[in-house]
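Descriptive structure summary
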Amino acid sequence: MTLRYIALLIAGLSVLTCKTWAMVDVNMEDRVEVSLKGQAEISCIYTLKEPAKMIVWFTKSPGRDQSRKRVYYYDTLQKEIIDEGSEYAGRINFTHSHEPQNSRGSALLIINNVQLSDQKEYICTVHDVSTDSGEGHTLLQIFNSPSLPVIEGTHTGISVTAEEPSKVAHCKVDDGYPRPNITWYKDRFPLQQSNNEVKISESETTKANGLFTVESDLYIKPQRTDEDALFYCEVKYFVPGEVRMTESKKINITVHYPTTKVTVYVNPRNGLIKEGDTVEIRCEGNGNPQPVFSFTHNEEELSADNEMLLLENVKRSHSGTYVCQSIDFGEGIYAEDSVNITVHYLDQIVVTPEETVLNQGDDLPLTCNALSSLPTQTSWFKDGTWLGKGHVLVLHNASYDTAGLYVCQVTVSSLHELQKQNSVQISVRGKPKFTKEIEVGPVNKADRSVNLTCYAEGFPFPNITWTLSDQRTGQPVPVPEAENQMTDTGVISMISVRAMSELTAKCSAANELGTEEVSRKIQASARATTTTTQATSPKGTELPVPSNQPRTGGGSGVIIAVLIICLLLIAILGSVLYFLYKKGKLPCGRSGKQDFTKQKASKDDIVMEMKSGKSEEAVLLQGVNGDKKSPTE
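Residues numbered from 1 in each chain as written. Predicted model: local features only at pLDDT ≥ 70, side-chain atom pairs only at ≥ 80, totals over all residues. Heavy atoms only, no water.

Definition in use: UniProt positions are given in the numbering used here, feature names are shortened, and annotations may be inferred rather than shown by experiment.
Per an unreviewed UniProt entry, the recorded name for the protein chain is Cell surface glycoprotein MUC18-like isoform X1, and the organism is Cyprinus carpio. Note on the protein chain: under the UniProt heading Subcellular location (unreviewed entry), the record states "Membrane".

Structure below.
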């Protein structure tokens, strides 16, 4: 029995082995992945010594309907049928081949412009020459990369005092397949759903084309530190062979929280404040948004532009304590802060004594004082020259040089912008004194005039008078109107003179204490005016002063030579007339003498005119035998 049983068992195994060996072995990939609108290639590899008698491709849709639908048929009778239908019209191709040496064959299904509807199971059935067959199955998986995520934050802001989580932002991603996933981050830390702190609400929509739109809302209970946090959403999606990730832009949200502390700032912050400045007092709370502020000064309420109090042209009365108080009506929280400011000042300078007249040789102390809120420094100046420091300046042994305007300048040492000045006029009594000779200015080319200037010191201020006289005749010459200018110590007087002949100019200065004068000779010429100067002391002593301009000698020599020739001609003419008279050739009656006298010019009024180039000069001769004068004189 035992041997018989073993024999039957071996026979059965042999039958099974032969049956298995006779079946067609078909190999296909479990899954083929392809992007939407791409090209899918599904291969079917089978093992047969002979070419397949028949190859049939089927599709099977997912879901309850497990029925197969043929899409391709081929047999050895060269019959080939492609069942495109409306679903695959113009988009599918089939190829098949056989390798006898390897006992292998292959069939290839190609789908172009892949659609989401192509995602299903594909079945390849292979039949041999007998009744044996085999089949393989492949799932075609379609992928589509979604659009970039779009994030939008809450515009109104969220409050830390809210009892429930508040919406922070909304994230949306379109056209993904399979469905993309959204993850929320705060400062690169992922946020997880939490009942009390974090809430995430998601929704998805399938479009008509089968693609997914996924939206997500983030809700949190914010803290004050969240005002600086960055929120964003991350999207993970599938592509053939891998998982990819993309991020939205990062946003910052507005967090509302009450003010618990107030700080007061003063502008200028680091500088001292002086009278006349503009001061800003600004109040700032640590809450968001800023609460309502109010200001008081020495317990008196002030009008302000909420967080800023503007003080213009401040005075010392603006000094004191300023209090800023915040009021949060929503939370009922009050806070305050204060600041003390000092407005520094420098009063008007008082100089004593005031305008003073000294006698020569006197001493005088000048005192300068000014009330200030800060230490000061005092300096004295005269005619722009620094004299010294200190509140007191002593003038010793007064003279004309002592007279003048003394300026006292007081400066706040720590605030140089705070500076004031005052002055005092000091005069020194004395009779007039000329500090220099009469000054002669350059010749005015327009009218050939020159300016004469004299300067006399003295107090009371002297009265200046000018006199002009002709040096040759001694006769006075009209004096043009003088221009007088007062100085700290005397008077400057100036006249404009057009010298047609030699003149003597005298400048006299007189006051109640005496008189003094100074003189200068002014010489005239056709082209230039030359001068010689005499200074007269109180006793009348004349001091020779060199002329300011050299004499011109070349023109004078020519004129003298011409005059000599003219005189010789006149002498010859007189001799001829006398000779004719003696010979009786000239009538000697009264009428003849009268005619001769009428035709004869007076010997004292003979005028000769000479021209040289473009200039013209006239010389008056004092008779035939009279003295000759140089034209320059």
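The discussion continues.
**Concerning the pairing of strand β7 (residues 92-99)**
We count it as follows: Two strands form a pair only when DSSP identifies at least two bridges running between them. Runs of H or I in DSSP of at least four residues are treated as helices and runs of E of at least two as strands, each being numbered from the N terminus.
Inspection of the sheet shows β7 paired to strand β8 (residues 104-111) by eight bridges, in the antiparallel sense. Paired with His-98 across the two strands is Gly-105, which belongs to β8. In this antiparallel pair of consecutive strands, β7 and β8, the connection spans four residues, and Ser-103 shows a positive phi of 55°.

**Observations concerning the sheet that holds strand β18 (residues 231-239)**
Taking strand neighbours across the sheet as the criterion, the four strands line up as β15-β14-β18-β19 in an open arrangement whose pairing is antiparallel. In this open sheet, the two edge strands, each paired with only one partner strand, are β15 (189-190) and β19 (242-247). As defined by bridge partners, β18 adjoins β19 across six bridges and the pair is classed as antiparallel. Looking at the pairing, Tyr-237 lines up with Arg-244 of β19.

**Describing the state of the cysteines**
Convention followed: In plain terms, two cysteine sulfur atoms within 2.5 Å form what is called a disulfide here.
One pass over the structure, following the stated rule, counts five disulfides. Covalently, Cys-44 is tied to Cys-124 through a disulfide, its sulfur atoms 2.2 Å apart. Across the S-S bond linking Cys-44 and Cys-124, the dihedral sits near -85°, which makes this disulfide left-handed. Taken together, the residues span a long stretch of sequence, with Cys-44 in strand β3 (residues 40-47) and Cys-124 in strand β9 (residues 121-127) at a distance of 80 residues. Here Cys-368 pairs with Cys-408 through a disulfide, and the sulfurs are 1.8 Å apart. Linking Cys-368 and Cys-408, the disulfide has an S-S dihedral of approximately -80° and is accordingly described as left-handed.

**What to know about the nonpolar core**
Note the threshold: Put simply, buried Ala, Val, Leu, Ile, Met, Phe, Trp, Tyr and Cys residues joined by side-chain atoms within 4.5 Å make one nonpolar core. Throughout, exposure labels follow a simple rule: accessible area from a 1.4 Å probe, protein chains only, divided by the maximum for the residue type, with under 20% read as buried, over 50% as exposed, and the rest as partly exposed.
Residues Trp-57, Ile-111 and Val-126 are the most contacted members of the largest nonpolar core, which totals 33 residues. Taken together, the elements giving at least two residues each to this core come down to β2 (31-35), β3, β4 (54-60), β5 (68-75), β7, β8, β9 and β10 (133-143). With four residues, the top contributor of residues to this core is β3. Counting 23 residues, the second largest nonpolar core, distinct from the first, contains Cys-171, Val-173, Ile-182 and Val-198.

**Quick notes on the pairing of strand β13 (residues 166-176)**
Pairing of strand β11 (residues 150-153) with β13 involves four bridges; the strand directions are antiparallel. Paired with Val-150 across the bridge in β13 is Lys-172. Of the strand pairs in this sheet, β13 and strand β17 (residues 212-220) are connected by eight bridges, and their pairing is antiparallel. Bridge assignment links Ala-169 to a residue of β17, and that residue is Leu-218.

**Things to note about the environment of Glu-215**
So the rule is basically this: For this analysis, a polar contact is any N or O atom pair within 3.5 Å, provided that within protein one partner can donate a hydrogen and the other can accept it, and provided that sequence-adjacent residues contribute only side-chain to side-chain pairs.
Locating Glu-215 in the fold gives a position in strand β17. A polar contact is formed between the side chain of Glu-215 and the side chain of His-170, at a distance of 3.0 Å.

**Observations regarding the environment of Glu-516**
Note the following rule: Contact definition: two residues touch when any of their heavy atoms are within 4.5 Å.
Of note, Glu-516 is situated in strand β45 (residues 514-523). For the pair Glu-516 and Pro-462, spaced 54 residues apart in sequence, the C-alpha separation works out to 9.7 Å. The residues contacting Glu-516, other than those within four sequence positions of it, are Pro-432, Lys-433, Phe-434, Cys-507, Ser-508 and Ala-509.

**Notes on the side chain of Ser-166**
Within the secondary structure layout, Ser-166 lies in strand β13. The residues touching Ser-166, leaving out its near neighbours within four places in the chain, are Ile-158, Leu-218, Tyr-219 and Ile-220.

**A short note on the sheet that holds β5**
Spelled out, the test is: Geometry is summarised by axes, namely lines fitted to C-alpha atoms with helices restricted to the contacting stretch, and by angles between N-to-C directions that run from 0 to 180 degrees.
Strand order across the open sheet formed by six strands is β2-β10-β9-β4-β5-β6, with mixed pairing between neighbours. At either end of the open sheet lies a strand with only one pairing partner, and these are β2 and β6 (79-82). Taking each pair of neighbouring strands and ignoring which way they run, the sheet shows an average axis angle of 25°. Sheet topology places β5 next to β6; four bridges connect them, and they run antiparallel. Each bridged residue has a counterpart across the sheet, and for Tyr-74 the counterpart in β6 is Glu-80.

**As for a nonpolar patch on the surface**
Using the following cut-off: Surface patches are defined over residues having more than 30% relative accessible area and no salt bridge, joining like charges when they lie within 9 Å and nonpolar side chains (Val, Leu, Ile, Met, Phe, Trp, Tyr) when within 5 Å. Note that accessible areas follow from Shrake-Rupley with a 1.4 Å probe, and for residues the cover is restricted to the protein chains shown. Whenever a carboxyl oxygen of Asp or Glu lies within 4 Å of a side-chain nitrogen of Lys or Arg, that contact is scored as a salt bridge.
Together, Ile-565, Leu-569, Ile-572 and Val-576 give the surface a local cluster of nonpolar side chains, amounting to about 390 Å² of exposed area. Here Ile-572 shows up in helix α2 (residues 554-583).

**Observations regarding the packing of aromatic side chains**
Condition: Between the rings of Phe, Tyr and Trp (Trp by its six-membered ring), a pair exists once the centres lie within 6.5 Å; its type follows the angle of the planes, with under 30 degrees stacked, over 60 edge-to-face, and the other angles tilted. Think of it as a cone above the ring: NZ of Lys or CZ of Arg counts as a charge over the ring if it is within 6 Å of the ring centre and within 35 degrees of the ring normal.
Tallying each qualifying case throughout the model produces five aromatic pairs. On the basis of an interplanar angle of 45° and a centroid distance of 6.3 Å, the ring pair of Trp-57 and Phe-94 is categorised as tilted. Here Phe-94 lies in strand β7 and Trp-57 lies in strand β4, a separation of 37 residues in the sequence. Centre to centre, the rings of Tyr-72 and Phe-94 are 4.0 Å apart; their planes meet at 15°, and the pair counts as stacked. Taken as a pair, Tyr-72 in strand β5 and Phe-94 in strand β7 lie far apart in primary sequence, 22 residues in all. The exposure class assigned to Tyr-72 is buried, which follows from its relative accessible area of 1%. The rings of Trp-57, Tyr-72 and Phe-94 are connected pair by pair, giving a single aromatic cluster. One residue, Lys-199, lies across the ring of Tyr-219, its end atom 5.5 Å from the ring centre. One Lys or Arg, Lys-250, reaches over the ring of Tyr-232 and ends 4.6 Å from the middle of that ring.

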